[in-house]
Structure formats: C-alpha cells, structure tokens
Amino acid sequence: MSLFTPAQRRLAAAIAKLGYTNPFHPQRIEWEREILGEEFSGAQAVWSLQLAATTPDQNHARISAHVATLVRDASAKLEAGAKAEPIELELYADAVLYHLFDEYRIEFQQMIEAAHAGEPATQVRFWRKFRDDVARYFTPAGRELGIGYDPAHMLACYFQFRRAFFHVYFFIVGRSPAAARLRSMVWESIFTHDLRRYQRSIYRCLGDVTTLITGPSGTGKELVARAIGLSRYIPFDEERGRFVEDFCTGFHPVNLSALSPTLIESELFGHRRGAFTGAAADRVGWLETCPAHGAVFLDEIGELDASIQVKLLRVLQSRMFQRLGDTVERRFPGKVIAATNRDLVAEIDAGRFREDFYYRLCADRITTPTLREQLDESPEDLEHLLLMSAQRVAPEEAESLAGEVAAWINKHLGPRYPWPGNVRELEQCFRNVMIHGAYAPAVAAKSAGDEWESTARAIRGGELTAEELLRRYCRIVHAHCGSYEQTAKRTGLDWRTVKKKLTE
Ligand SMILES: Nc1ncnc2c1ncn2[C@@H]1O[C@H](COP(=O)(O)OP(=O)(O)OP(=O)(O)O)[C@@H](O)[C@H]1O
C-alpha cells in the first residue's frame, strides 16, 4: 500500500520545499501558489508585516489544514502497519516537521512574548507532550521507521525559527524589495541559505562566524544585530526540560564610539584591580560574560583604535583574550556582530582600519538600505513606517495620526526629500509633527534636497555637461547612501572614481 495518493504525494513534495525555504524570500510565495493553486489569495510579492491589515493571511491557514490532513492520513496508514518506500518516508518526515511546527507555534510565540515581558525563557512546560507527539509520528504503534530524529534538537530548532521569525518579521518593517532583501539576508545570516544543512550540522559552528553590518546611520543596523543575536541556536537539555540559556539575556551591545580606548578595553576584556588609574576592583568584561549562545554587538567598529583592533583580531582568530593587567588566557565562547556606517574600504585606504582585521570581520556581510532607497521602490512605505511609530504612541488613532504626518511631510518636505537621517530621522520627524505640528530638517538634509532640486532644474534646462551631471549625481547618491562603497555599487563606478567626483 502506498503511503500517499498521487495528489498527496505532490503536496508532500511541495511542502518539503516550502518548509525549508527562507520565509522572507519571494520564492516562498511561489511555493504557496503552487500548493494552493486556485485557492491562493492575495498578491503580496514579499512577506512583510501588514500593520493596517484587517484580514489575516489566509494562505498559511489553508496550507496548514492540507498538511494536517496529509499527516493524519499517512500516520494512520503507518500505524496500521503500512510499509513505505524510503522516499515516501522522507516526504512524510518533512510533512510531520512542518505540521508539528504549526501545532506548537502558539506555545513558542507565548514563550517569546513572555520573555520580552521579562519572564525567563528557558523552561518548556510542553516538552513531554511534544516529545510524545514526535514519537507518535515517527514510531507509529512503537514501530521504528528508520527516520533519524532527536526531539530535543527539533525543539531547539523550532524555538530558534520562531524567535528568528519574530525578530525579523515584527521589527524590520517595510514592503519595498530593499526591506524584503534585508529580511531575507538576516534570515540567511541566522540559518544560511541551506536550512537542511544548517539543521544537520552548521548550527554548531555558525557562532564562530562574525557578522558585519554596514549602512548609513539610522537604517536599522542595531535592529538587525539584535534580530541575529536573539535568534541563535540554544540547545535544549532534555533531562532538565529546559533550554541551557535564556535567549533574552544573550545580547550585549557596546557602543565603541562613546568610550575612550581604555574603557573600551575594560568593557570588552575586563581588567584586574590596579591595571590602570581608577581600576579599583577586578572587572569582568563582556567577552567573558557573554554566554556561549549569545552575542556581543560592537557598534561603530569603524571608530576603533588601531591597538584594540589588534587585540580583537586575536579574539576573532583564536577566541582567546586576557583581562587588562592579567596574564590568564580566557576563552570567548559567543558570537561577534559588528556594525559601522563608515566605508571600511576607504578607512583601510586611509590607513585607519587594519586590512587583516577587516578580513576577519567580513565572512557574513549585511548592508542596510537607506530610507530613500526604500521609498523610491515603495513610496507607500512612508505611511507604513509612520504607522509603526503612531501605533507605539496612540494605537487607537494610529491610522489618522500617521495619515496626518504623511500629509504634512508631502506638503512641506515633498516626496523627494532625501531623509539623510533615515528611519531615525523619520521617527523624529513624526514626533515633531505630532507635538509641534511641524519639523525643521537639519541643514545638511536641506542642502541635499536643494542639490536635487537644482540638478533637476538644470537637467530640464539641458544645462549640465556629462562631467558635471555625473559629479552631482554622485553627490546626491552619496547623500542617500552615506558611503563611497555604497555609492560606487549604486552607480556602477569604481569607489575611487566616486571619491574623486565627491572631492573635486
Ligand atoms: N527597517 C526598519 N524597520 C523598522 N524600524 C526601523 C527600520 N530601520 C530603522 N528603524 C528604526 O530606526 C531607529 C534607528 O535604528 P538603529 O539604531 O538600528 O539604526 P543604526 O543603523 O544602528 O544607526 P547608527 O548607525 O546611528 O547607530 C530605531 O528606532 C529603529 O527601530
């Protein structure tokens, strides 16, 4: 007896693909469409938070119902003693994994929300039930099917997927392809592009890989770092029925530009009493307190003193460090996430950033898009982001408040305003308009806007030479991107040419 009907087999094959797809990649929508055929509804190109949505996403609920029926039918056959081909068992296992993830979605979500409200997120009350469910599907009527599975690892992976989804979906807002690419990149940074391989083996070592986030100020680099840091794999201890660490306590941001070199060293490496003037007692640094499954976030890494770059290079290379004034070798067990709005390539060129250090940082790179870039692709994101701000302060009248601020922006700043301070500036603009009924942009912002207006006028009048046009275009793009590297990428020029155009 075959485990599936031909239609079920097709469904199981599609589910196996959907279950392992990056949920923030447009491919996911294609699989959903393939599975649901005429039942598919909606035309969203990418999956993003619908702040003003009145109807929930129906596709997911429909697929879940199909998978539940498929799993129920197949497991009943297996319980009745049906034999299945290895390929069928593989498809069955994938469908069960998808189904169980769905079944426990709410429990995981509740754990995450409770953790954000201050409760420890280690104890798993539903562990025994989960383990029994897994056994029921994978050893029907006590029969070994030969499907290799470890319920504790499954639980750890499920919790990680749920956390990653939560931190990426609910916090990185925007419907533009640029925002979608960012969410997709963050997901890859957590799970790689091959989720099966990640679950099999890579989950053990991804903490050794440093993530470097670059992008202009106010574009969400810390948001991205937090999403990655709070979504690390945390093993589940089945003896004690709890996760070995609390994910909420595993993210340590250190703003390197706010501290003197000595303080940075002391914050990161710790010190011994008397190591420097003012070191009255021993101090344990972040590299030492960071849990094995946590992360230290080094913000503004481009500002780091050369002598500390050397020390950190050693940590990234060998994972070993010493407290200031101490000779004992200690091990850093966590992950490093670094961010900068500086153009590190230009910094290397200027002799301010070590090349060898850069190559230790750049194994996993993520670039955050400017707000202008997002609005160029999806102008309605302005209102969407304003809605996010409005919901924080006045949820009951968020839509009208966001609409009012959007109208003010369109009237007074115009739809082409460059937003040099990015989403952070938009948030400040929102507050200013809400409080004072107006917002005055900074001088730099105005001049970037003026540059655009005067260039547009000159183009319309056919007044510019090709040289001057390129120079001005580079200046406008640079005002949006904030770095030579990004400007070069956007314009297709070499970054040295960009630099020359900007300084001519
Ligand atoms: N895509 C986004 N979705 C939602 N909020 C965002 C997004 N990008 C930025 N923000 C918000 O903008 C503000 C600034 O973000 P964040 O501090 O992460 O920026 P940053 O790039 O680290 O800035 P800096 O380089 O100045 O440290 C935060 O309130 C953050 O929540």
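- The chain has the name Sigma-54 factor interaction domain-containing protein in an unreviewed UniProt entry, where Lacipirellula parvula is given as its organism.

### Thoughts on the overall build of the chain
Then, number 1: Looking only at helices and strands, one finds 23 helices and 11 strands in the chain.
Then, number 2: Computed over the C-alpha atoms, the radius of gyration of the chain is 26 Å, within 12% of the 23 Å expected from 2.2 N^0.38 for a compact globule of 504 residues.
Then, number 3: Across its three principal axes, the chain shows a C-alpha extent of roughly 80 × 65 × 45 Å.
Then, number 4: In the chain, which comprises 504 residues, the share counted as buried stands at 38%.

### So, the nonpolar core
Then, number 1: Ranked by size, the top nonpolar core spans 90 residues in total, and within it Val186 and Leu386 carry the most contacts.
Then, number 2: Here this core gathers at least three residues from each of two domains, domain 1 (222-367) and domain 2 (371-503).
Then, number 3: With residues up to four places along the chain from it excluded, the contact list for Val186 reads Val168, Ile172, Val224, Ala227, Ile228 and Ile366.
Then, number 4: If you look at the next biggest cluster of nonpolar residues, it comprises 21 residues, including Leu3, Leu11, Ile63 and Leu97.

### Things to note about the domain arrangement of the chain
Then, number 1: Taken domain by domain, the chain consists of domain 1 (222-367) and domain 2 (371-503).
Then, number 2: If you average the C-alpha positions of domain 1 and of domain 2, the two centres end up 33 Å apart.
Then, number 3: Between domain 1 and domain 2, the residue contacts involve 5 residues of the former and 7 residues of the latter.
Then, number 4: Its residues assigned to classes, the side of domain 1 that touches domain 2 shows 2 nonpolar, 2 polar and 1 charged.

### Things to note about the UniProt feature "domain: Sigma-54 factor interaction" (unreviewed entry) in the chain
Then, number 1: Summarizing the sequence annotation, UniProt attributes the feature "domain: Sigma-54 factor interaction" (unreviewed entry) to residues 172-435 in the numbering used throughout.
Then, number 2: In the segment residues 172-435, helix accounts for 45% and strand for 14%; the C-alpha atoms at its two ends are 26 Å apart.

### A word on the site of the ligand
Then, number 1: Among the 18 residues in the neighbourhood of the ligand, the closest are listed as Ser217, Gly220, Lys221, Glu222 and Val423.
Then, number 2: Residues belonging to the shell around the ligand are distributed by class as follows: 5 nonpolar, 8 polar and 5 charged.

### Quick notes on the packing of helix 17 (residues 381-393) against helix 19 (residues 422-436)
Then, number 1: As a packed pair, helix 17 and helix 19 sit with axes 10 Å apart at the nearest point and diverge in direction by 60°. Here helix 17 is positioned oblique relative to helix 19, judged by the angle of their axes. Crossing hand, helix 17 versus helix 19: right-handed. From helix 17, Leu385, Leu386 and Ser389 reach across to helix 19, where they touch Val423, Leu426, Glu427 and Phe430.
Then, number 2: Partitioned by chemical class, the residues of the contact of helix 17 with helix 19 number 5 nonpolar, 1 polar and 1 charged.

### Points about the pairing of strand 10 (residues 335-340)
Then, number 1: Burial within strand 10 is extensive, with 6 of its 6 residues counted as buried.
Then, number 2: Across the two faces of strand 10 the burial is the same, with Lys335, Ile337 and Ala339 and Val336, Ala338 and Thr340 all buried.
Then, number 3: Examined bridge by bridge, strand 1 (residues 211-214) and strand 10 share 4 bridges and lie parallel to one another. When the bridges of strand 10 are listed, Leu212 appears paired with Ala338.
Then, number 4: Here strand 7 (residues 295-299) pairs with strand 10 via 5 bridges, running parallel. Looking across to strand 10, one finds that Ala295 is bridged to Lys335.

### What about the sheet that holds strand 10?
Then, number 1: Pairing is parallel across the open sheet formed by 5 strands, whose spatial order is 4-7-10-1-11. Two strands in the sheet have a free side with no partner beyond their single neighbour: strand 4 (251-255) and strand 11 (364-367). Between one strand axis and the next, the sheet turns by 20° as a mean value, whatever way the strands run.
Then, number 2: The strands touched by helix 10 (residues 221-229) within the sheet are strand 1, strand 4, strand 7, strand 10 and strand 11, with strand 10 carrying the most contacts at an inclination of about 170°.

### Remarks on helix 1 (residues 6-19)
Then, number 1: Helix length check: helix 1 (14 residues) gives 20 Å between terminal C-alpha atoms against 20 Å at 1.5 Å per residue, within 8%.
Then, number 2: Of the positions making up helix 1, those classed as buried are Leu11, Ala12, Ile15 and Leu18. The arc that holds the buried residues of helix 1, viewed along the axis, is 125°, so those residues lie on one side.
Then, number 3: Those residues of helix 1 that are buried lie in contact with helix 2 (27-36), helix 3 (58-79) and helix 4 (86-103).

### Digging into the environment of Arg136
Then, number 1: Mapped onto the secondary structure, Arg136 falls in helix 6 (residues 127-138).
Then, number 2: For Arg136, a count of 13 C-beta atoms within 10 Å gives the class partly exposed.
Then, number 3: For Arg136 and Arg181, which are 45 residues apart along the polypeptide, the C-alpha to C-alpha distance reads 39 Å.

### Some remarks on the environment of Glu373
Then, number 1: Tracing the backbone shows Glu373 in helix 16 (residues 371-377).
Then, number 2: A sequence separation of 197 residues divides Glu373 from Ser176, and the C-alpha atoms of the two residues are 8.8 Å apart.

### Concerning unusual backbone geometry
Then, number 1: With phi around 65°, Thr192 is a residue other than glycine that occupies positive phi space.
Then, number 2: Inspection of the secondary structure assignment puts Thr192 in the loop between helix 8 (177-191) and helix 9 (195-200).
Then, number 3: Judged by C-beta crowding, with 17 C-beta atoms within 10 Å, Thr192 ranks as partly exposed.
Then, number 4: Phi at Asn422 is positive, roughly 60°, even though this residue is not glycine.
Then, number 5: You can see Asn422 is positioned in helix 19.
Then, number 6: What makes Asn422 buried here is the crowd of 25 C-beta atoms within 10 Å.

### Let's talk about the environment of Leu426
Then, number 1: Topologically, Leu426 is positioned in helix 19.
Then, number 2: C-beta crowding within 10 Å serves as the criterion here: with 24 such atoms nearby, Leu426 is assigned to the buried category.
Then, number 3: Between the C-alpha atoms of Leu426 and Gly218, which are 208 residues apart in sequence, the distance is 9.3 Å.
Then, number 4: When sequence neighbours within four positions are dropped, the list of residues in contact with Leu426 reads Leu371, Leu385 and Trp419.

Conventions we followed
- Residues numbered from 1 in each chain as written.
- Predicted model: local features only at pLDDT ≥ 70, side-chain atom pairs only at ≥ 80, totals over all residues.
- Helix = DSSP H or I, 4+ residues; strand = E, 2+ residues; numbered from the N terminus.
- Rg over C-alpha atoms; globule rule 2.2 N^0.38 Å.
- Buried ≥ 20, exposed ≤ 12 C-beta atoms within 10 Å, placed from the backbone.
- Core = buried A, V, L, I, M, F, W, Y, C linked by C-beta atoms within 7 Å.
- Domains from an automatic or database assignment.
- Contact = placed C-beta atoms within 7 Å.
- Nonpolar A, V, L, I, M, F, W, Y, C, P; charged D, E, K, R; others polar.
- UniProt positions renumbered as here; feature names shortened; annotations may be inferred.
- Near = placed C-beta within 6 Å.
- Axes fitted to C-alpha atoms, helices over the stretch in contact; angles between N-to-C directions.
- Parallel < 35°, antiparallel > 145°, perpendicular 65-115°, else oblique.
- Left-handed = near helix turned anticlockwise from the far one by under 90°.
- Pairing = 2+ DSSP bridges.
- Expected span 1.5 Å × (residues − 1).
- Arc of directions from axis to C-beta.

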